[in-house]
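The chain contents come next:
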Amino acid sequence: MRIVALAGGIGGARFLRGLRAAVGPQDEITVIGNTGDDIHLYGLKVCPDLDTVMYTLGGGIHEEQGWGRTDETWSIKAEMKEYGVGPEWFGLGDRDFATHLVRSQMLTAGYSLSQVTEALCVRWKPGVRLLPMSDDRVETHVRITDEQGTRAIHFQEYWVKLHAAVDAEAVVPVGADTAKPAPGVLEAIAEADVILFPPSNPVVSIGTILAVPGIREAVAAAPAPVVGLSPIIGGAPVRGMADKVLAAVGVEATAEAVARDYGSDLIDGWLVDTVDEAAVTAVEAAGIACRAVPLLMTDVEATAEMARAALALAEQVRT
């Protein structure tokens, strides 16, 4: 079975760990990773979502945080602070710095982001094929109004520095409209037996991937069933502040509303948590097959059960 998953950072990575445990060794998983969170810091190219997937599946993630390296030290960041060089609000540990140094050196040498990601995965052996959504530069920006007036800031500043405390007025994946899907992305979608939307942020993770011209169209046209898992449980995001960016695009923070926003032209099936079982009828009325199952990723086995439920729904939709 050839499975394609569109994924963001922490939620996507943890789901993928369960998916990997749920399938057999003969099955192939291709992950199309969000690069809209990418940011340049200290002259380095930082790819938070790609690295979170790579570290999580490769056994190097800081489990409690869900991002960054385990057994991390912070000597470089401390020295940069002594030089008065920031930003202090974005944490790059010493081990993490090494990844960004290697990536930046390779990009400067002329390798594409796809080639660099493949090379980094040689070390981590994530057990999946990890593809960036695009080799072109895409950065998600958020429009806000605060004491400095109305302005656009990088998504990382909005999410990490401001903790989404200010209302998001618009979310724009800058550069996405002229970006091209990375090599292998459209082919993987066309050849997939199943396409999954993990419980990643539907606006700034999966939404940004779909904003790259050709990707949404490829998913919608794919012969494979497309099944998503709700990142909203009981009217609130399981992790993070997805409700803030959902509001910016006019979508209510409910499992039903997110399914409707994706639309029956894009997804064939949708999983909601058991606490949202009342939403099943409304989602199915929108032309999307829906089931209620436990969606809390408490451990790998619980997450694997979620993945099995998604694959089972895909089979039901297929038949």
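Residues numbered from 1 in each chain as written. Predicted model: local features only at pLDDT ≥ 70, side-chain atom pairs only at ≥ 80, totals over all residues. Heavy atoms only, no water.

J.: Explain the pattern of salt bridges to me, and be specific about the residues and the numbers.
T.: This model, assessed by the stated rule, comprises 13 salt bridges. Linking D51 and R103 is a salt bridge whose minimum nitrogen-to-oxygen distance equals 2.4 Å. Note that D51 is positioned in helix α2 (residues 48-58) and R103 in helix α4 (residues 94-108), a separation of 52 residues in sequence. As far as burial versus exposure is concerned, D51 and R103 are alike and both buried. (Salt bridge = Lys/Arg side-chain N within 4 Å of Asp/Glu carboxyl O. Helix = DSSP H or I, 4+ residues; strand = E, 2+ residues; numbered from the N terminus. Buried < 20%, exposed > 50% of the residue type's maximum accessible area, 1.4 Å probe, protein only.)

J.: Which residues make up α4, and what are the values?
T.: In this model, α4 (15 residues) spans 21 Å end to end at C-alpha, consistent with the 21 Å of a helix rising 1.5 Å per residue. D94, D96, F97, T99, H100, R103, S104 and M106 are the residues of α4 that are buried. Its buried side turned inward, α4 meets β4 (44-46), α2, α3 (75-82) and α5 (113-124). Positive backbone phi, at 110°, marks G110, one or two positions downstream of α4. (Expected span 1.5 Å × (residues − 1). Contact = heavy atoms within 4.5 Å.)

J.: How would you explain the nonpolar core if you had to name every residue and give the values?
T.: Soluble, globular proteins show a tendency: their nonpolar side chains are buried together. I189, I195, F197 and W270 are the most contacted members of the largest nonpolar core, which totals 56 residues. Among the elements that make up this core, the one with the highest residue count is helix α11 (residues 255-262) (five residues). Setting aside its immediate chain neighbours within four residues, I189 contacts V4, I32, I195, I215, A218, V219 and A222. Membership of the second largest hydrophobic core comes to 39 residues, among which are Y55, W124, V227 and L229. (Core = buried A, V, L, I, M, F, W, Y, C linked by side-chain atoms within 4.5 Å.)

J.: Could you give an account of empty space enclosed by the protein, with specific residues and numbers?
T.: On inspection of all chains with the given rule, the structure shows one cavity of 30 Å³ or more. As for the largest cavity, its lining consists of Q65, W67, G68, R69, E72, W74, G91, G93 and D96. Among the residues forming the lining of the largest cavity, the class breakdown is two nonpolar, four polar and three charged. (1 Å grid on protein atoms, 1.4 Å probe; cavity = no way out; pocket = protein on both sides within 12 Å on 5 of 7 lines; lining within 4 Å. Points joined across faces, edges and corners; volume = space filled by probe spheres on them. Nonpolar A, V, L, I, M, F, W, Y, C, P; charged D, E, K, R; others polar.)

J.: Summarise the sheet that holds strand β7 (residues 149-154); cite the residues concerned and give the values.
T.: Within the open sheet, the three strands sit side by side as β7-β6-β8. Their pairing is antiparallel. Each edge of the sheet is formed by a strand with only one pairing partner; in this case those strands are β7 and β8 (170-174). Averaged over all pairs of adjacent strands, the angle between strand axes in this sheet comes to 25°, irrespective of strand direction. Here strand β6 (residues 139-146) runs beside β7; their pairing, made up of six bridges, is antiparallel. Residue pairing for β7: R143 is matched across the bridge by A152. (Pairing = 2+ DSSP bridges. Axes fitted to C-alpha atoms, helices over the stretch in contact; angles between N-to-C directions.)

J.: Report on the sheet that holds strand β5 (residues 129-132), specifying residues and quantitative values.
T.: The strand order across the open sheet built from seven strands is β5-β2-β1-β9-β10-β13-β14, with neighbouring strands paired in parallel fashion. In this open sheet, the two strands that pair with only one neighbour each are β5 and β14 (289-292). Taken pair by pair, the neighbouring strands of this sheet meet at an average axis angle of 20°, ignoring direction. As defined by bridge partners, strand β2 (residues 28-33) adjoins β5 across four bridges and the pair is classed as parallel. By the bridge assignment for β5, I32 is matched with L131. Packed on one face of the sheet, helix α13 (residues 300-318) meets β1 (2-7), β9 (194-197), β10 (226-229), β13 (269-272) and β14 and runs near 150° to β13.

J.: Which residues make up unusual backbone geometry, and what are the values?
T.: For the peptide bond that leads from G86 to P87, omega is 10°, which places it in the cis range. Here P87 is to be found in the loop between α3 and α4. Despite not being glycine, H163 has its phi angle at roughly 55°, a positive value. Note on placement: H163 falls in the loop between α6 (155-161) and β8. Residue class for H163 comes out exposed when judged on its relative accessible area of 54%. A positive phi angle, close to 55°, is found at A164, a residue other than glycine. Here A164 falls in the buried class, since its relative accessible area comes to 0%.

J.: Kindly report on the packing of α4 against α5, identifying the contributing residues and their values.
T.: Packed helices, taken two at a time, are described by their axes: the angle between them and the distance between them. α5 packs onto α4 with a crossing angle of 140° between their chain directions and a minimal axis gap of 10 Å. Viewed along their axes, α4 and α5 adopt a mutual orientation that is oblique. Pair α4 / α5 crosses with right-handed handedness. In this structure, α4 uses T99, V102, R103, M106 and L107 to contact α5, whose residues at the interface are L113, V116, A119 and L120. By residue class, the composition of the contact of α4 with α5 is seven nonpolar, one polar and one charged. (Parallel < 35°, antiparallel > 145°, perpendicular 65-115°, else oblique. Left-handed = near helix turned anticlockwise from the far one by under 90°.)

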